[in-house]
Amino acid sequence: MKRKLAAAIGIAGMVVSVAACGSGDGKGSDKQGADVKELTVWLTVDAQNNWPELVKAADAAVKKKHPGIKIDHEYYGWPDKNTKLDAVLATDKVPDVVEMGNTEMLGYMVKGAFAPLDAAKFDNSAAWLDGLKASVTYDGKTYGVPYYAGGRVGNWRKDLFASVGVKSAPKTYKELTAALDKVQKKEGDKFSAWYQPTRDWYAAMSFVYDAGGSIAEEQGGQWKANLSSPESLKGLTEFKNVVDTYMHGDKTKDESDRYIVYGQGKSGMIFGAAWEGATAADPKNDKTGKLKDNLENFVMPGPSGKNMPVFLGGSDLAVPVKSDAQAVAAEWINAFAGSSGQKGLMAKGNLPNNKTDLATLKDDPATAVPATAAESNWFVPMAPGWGQVEKAQVLQTMLQNIGTGNKSVEAAAKEADAAIDKVINTK
């Protein structure tokens, strides 16, 4: 599930002084949990529509420990949530628990909007998935709890690959490219054997991390761009090879409508969020009439010989620093996203927030592919100015220059590094 950081960046003027503020919303006077009479929880409509019983179970657990407490819930759509949150953070009537997309967390943590939490008090915190743990960590402190995850996988059309003699999903990158070569030759240069949007930085950076590179590295408390390193250049070069060889669509596009293009039957494979294949096969999107029961997810093999590291999307739960009920809010979060909650979330088709539960999904054929793919993951640099990098679309610009041939890999990476270094350490 893709989350946008842009809205988070807009909170700068609203929460600069938040960390020093007290609260007066009448929910209780002790941030450590005494005399809390009311708790307000903000979640997205995903919880309301898909797992309301898990919300009720968390409420019941907290009410058992705190008899008489009132728990209020408000549900929001993703496009609306941050606008409402930004407005309320400027007041003293804040929610006590709020759901955040994991890429939205950084801007709020940088500005001091969320209270630090003791990770040891939350179930499975020692085994949180690396990418999710990174999303709630800033300057050595924990400011949220991972809720659930969504990974990325390869997906291809079994009929097309069977037509060239390929009967099973690839286990290695060599097998993948050999199969793609056969399909590309058969279908011709107006067809994309692999539809890989050039501006899709999530996919491109998977190649970078697979090659041992990174977007940026922290050195002595300062962040420095790393796209020009030999390892990163190796990954970017292979990404360009994929785009040059298999991507015969518009090389100025991003991934936002990839599932729609896939559903039009103009490509044989994609590498994206695990839900994209099924969405392409939905009768509303499938213009071929052939995709239902004909698409197959697989763990994306990397050129390195290992599984491709993937970007983990998902949600986190945080406690606003102005909350008067921080301790009870933390208890609610653990009741909701702890061991019992994770089992409920997995039953609904989500990936869990921790490696222990993730390992159990690998034994089920229905969940083995996304669970295995999620084991190797990466996340964005948790640097104070990362939001400015995303807002300026530095990576997308670099990738479009590379994919269209406007600039060499080296020149585009060097330009991106310079742009990143200008802002990445700026709050």
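Residues numbered from 1 in each chain as written. Predicted model: local features only at pLDDT ≥ 70, side-chain atom pairs only at ≥ 80, totals over all residues. Heavy atoms only, no water.

**Student:** Where do I start with the packing of aromatic side chains in this structure?
**Tutor:** Each aromatic ring pair is specified by the distance between its two centres and by the angle formed by the two planes. Taken as a whole and assessed by the stated rule, the structure comprises 21 aromatic pairs. Taking the centre distance of 4.7 Å and the plane angle of 50° together, the rings of Trp 42 and Tyr 76 count as tilted. Highlighted residues: Trp 42 in strand E1 (residues 38–44) and Tyr 76 in strand E2 (residues 70–76), separated in sequence by 34 residues. Here Trp 42 and Tyr 76 have matching classes, each one buried. An aromatic cluster is built from Trp 201, Tyr 202, Tyr 209, Phe 311, Trp 378, Phe 379 and Trp 386, whose rings are joined through pairwise contacts. (Phe/Tyr/Trp six-rings, centres within 6.5 Å; stacked < 30°, edge-to-face > 60°. Helix = DSSP H or I, 4+ residues; strand = E, 2+ residues; numbered from the N terminus. Buried < 20%, exposed > 50% of the residue type's maximum accessible area, 1.4 Å probe, protein only.)

**Student:** Would you explain helix H5 (residues 78–89) in this entry?
**Tutor:** An α-helical turn contains 3.6 residues, so any two residues separated by three or four positions project in the same direction. Between its first and last C-alpha, H5 extends 17 Å over 12 residues, near the 16 Å set by a 1.5 Å rise per residue. Inspection of H5 places Trp 78, Lys 81, Asn 82, Leu 85, Asp 86, Val 88 and Leu 89 among the buried residues, and these make up the whole buried set. (Expected span 1.5 Å × (residues − 1).)

**Student:** Help me understand the pairing of strand E13 (residues 313–318), please; the structure alone is not making it clear to me.
**Tutor:** Counting buried residues in E13 gives six out of six residues, a clear majority hidden from the surface. Here E13 shows no split at all, with Gly 313, Ser 315 and Leu 317 on one side and Gly 314, Asp 316 and Ala 318 on the other all buried. Alignment of strand E3 (residues 97–101) against E13, held across four bridges, turns out to be antiparallel. Bridging across to E13, Met 100 finds its partner in Asp 316. (Pairing = 2+ DSSP bridges.)

**Student:** Looking at this model, I keep getting lost on the sheet that holds E1. Mind explaining?
**Tutor:** One key point about sheets: their strands pair by backbone hydrogen bonds, in either a parallel or an antiparallel sense. Ordered in space as E2-E1-E3-E13-E6, the five strands form an open sheet in which the pairing is mixed. In this open sheet, the two edge strands, each paired with only one partner strand, are E2 and strand E6 (145–150). Each adjacent strand pair in this sheet contributes to an overall mean axis angle of 20°, direction not counted. Here two bridges tie E1 to E3, and the two strands are oriented parallel to one another. Each bridged residue has a counterpart across the sheet, and for Val 41 the counterpart in E3 is Val 97. Relative to E2, helix H4 (residues 52–65) is tilted by about 155°, and along the sheet it contacts E1 and E2. Along the sheet, helix H14 (residues 326–337) contacts E1, E2, E3, E6 and E13; its crossing angle with E1, the most-contacted strand, is approximately 45°. (Axes fitted to C-alpha atoms, helices over the stretch in contact; angles between N-to-C directions. Contact = heavy atoms within 4.5 Å.)

**Student:** Got a minute to help me understand helix H19 (residues 394–404) in this structure?
**Tutor:** Buried residues dominate H19, accounting for eight of its 11 residues. Taken together, the buried positions of H19 are occupied by Val 394, Leu 395, Gln 396, Met 398, Leu 399, Asn 401, Ile 402 and Gly 403. Against the buried residues of H19 lie helix H10 (201–210), helix H11 (230–246), helix H18 (386–391) and helix H20 (409–423).

**Student:** Would you mind going over the packing of H19 against H20 with me for this structure?
**Tutor:** Relative orientation and spacing of two packed helices are given, respectively, by the angle between their axes and the distance between those axes. Here H19 crosses H20 at 165°, and the two axes come no closer than 9 Å. In terms of their interaxial angle, H19 and H20 are classed as roughly antiparallel. Every pair of crossing elements has a handedness; the one defined by H19 and H20 is right-handed. Together, Val 394, Leu 395, Met 398, Asn 401 and Ile 402 of H19 and Val 409, Ala 412, Ala 413, Glu 415, Ala 416, Ala 419 and Ile 420 of H20 make up the contact between the two elements. Grouping the constituent residues of the contact of H19 with H20 by class yields 10 nonpolar, one polar and one charged. (Parallel < 35°, antiparallel > 145°, perpendicular 65-115°, else oblique. Left-handed = near helix turned anticlockwise from the far one by under 90°. Nonpolar A, V, L, I, M, F, W, Y, C, P; charged D, E, K, R; others polar.)

**Student:** Please clarify how the environment of Gln 400 should be interpreted in this entry.
**Tutor:** Tracing the backbone through its elements, the reader meets Gln 400 in helix H19. The exposure class of Gln 400 is partly exposed, given its relative accessible area of 23%. Beyond its immediate sequence surroundings of up to four residues, Gln 400 is in contact with Thr 198, Arg 199, Lys 251 and Thr 252.

**Student:** I tried to follow the pattern of salt bridges on my own but got confused; where do I start?
**Tutor:** Taken as a whole, this structure holds 16 salt bridges when the rule is applied. In this structure, the salt-bridge partner of Glu 53 is Lys 348, at a minimum N-O distance of 3.3 Å. Linking Glu 53 in helix H4 with Lys 348 in the loop between helix H15 (339–347) and helix H16 (355–361), this pair joins segments that are 295 residues apart in sequence. Relative accessible area serves as the criterion here: at 38%, Glu 53 is assigned to the partly exposed category. (Salt bridge = Lys/Arg side-chain N within 4 Å of Asp/Glu carboxyl O.)

**Student:** Explain the packing of helix H9 (residues 173–187) against H11 here, please?
**Tutor:** Between H9 and H11, the least distance of the axes is 11 Å, while the angle of their chain directions is 20°. Here H9 is positioned roughly parallel relative to H11, judged by the angle of their axes. Considering the relative orientation of H9 and H11, their crossing is left-handed. Contacts between H9 and H11 involve Tyr 173, Thr 177, Leu 180, Asp 181 and Gln 184 from the former and Glu 238, Val 242, Thr 245 and Tyr 246 from the latter. When grouped by side-chain class, the residues that make up the contact of H9 with H11 number four nonpolar, three polar and two charged.

**Student:** Whenever I open this one, the sheet that holds strand E7 (residues 152–157) confuses me. Can you help?
**Tutor:** The three strands lie next to each other as E10-E7-E11, forming an open sheet whose pairing is antiparallel. Only two strands of the sheet have a single neighbouring strand rather than two, namely strand E10 (269–273) and strand E11 (295–298). For this sheet, the mean angle separating the axes of adjacent strands, direction not counted, is 30°. Here E7 pairs with E10 via five bridges, running antiparallel. Bridging across to E10, Trp 156 finds its partner in Met 269.

**Student:** Just checking my understanding: could you explain unusual backbone geometry for this structure?
**Tutor:** A negative phi angle is the norm for most residues apart from glycine, just as the trans form is the norm for most peptide bonds. In this structure, Asn 124 is a non-glycine residue whose phi angle is positive, near 65°. On the secondary structure map, Asn 124 appears in the loop between helix H6 (105–110) and helix H7 (130–135). Given the relative accessible area of 25%, Asn 124 is considered partly exposed. Even without being glycine, Asp 139 reaches a positive phi, approximately 55°. With respect to the element layout, Asp 139 can be found in the loop between strand E4 (137–138) and strand E5 (141–142). What makes Asp 139 exposed here is its relative accessible area of 69%.

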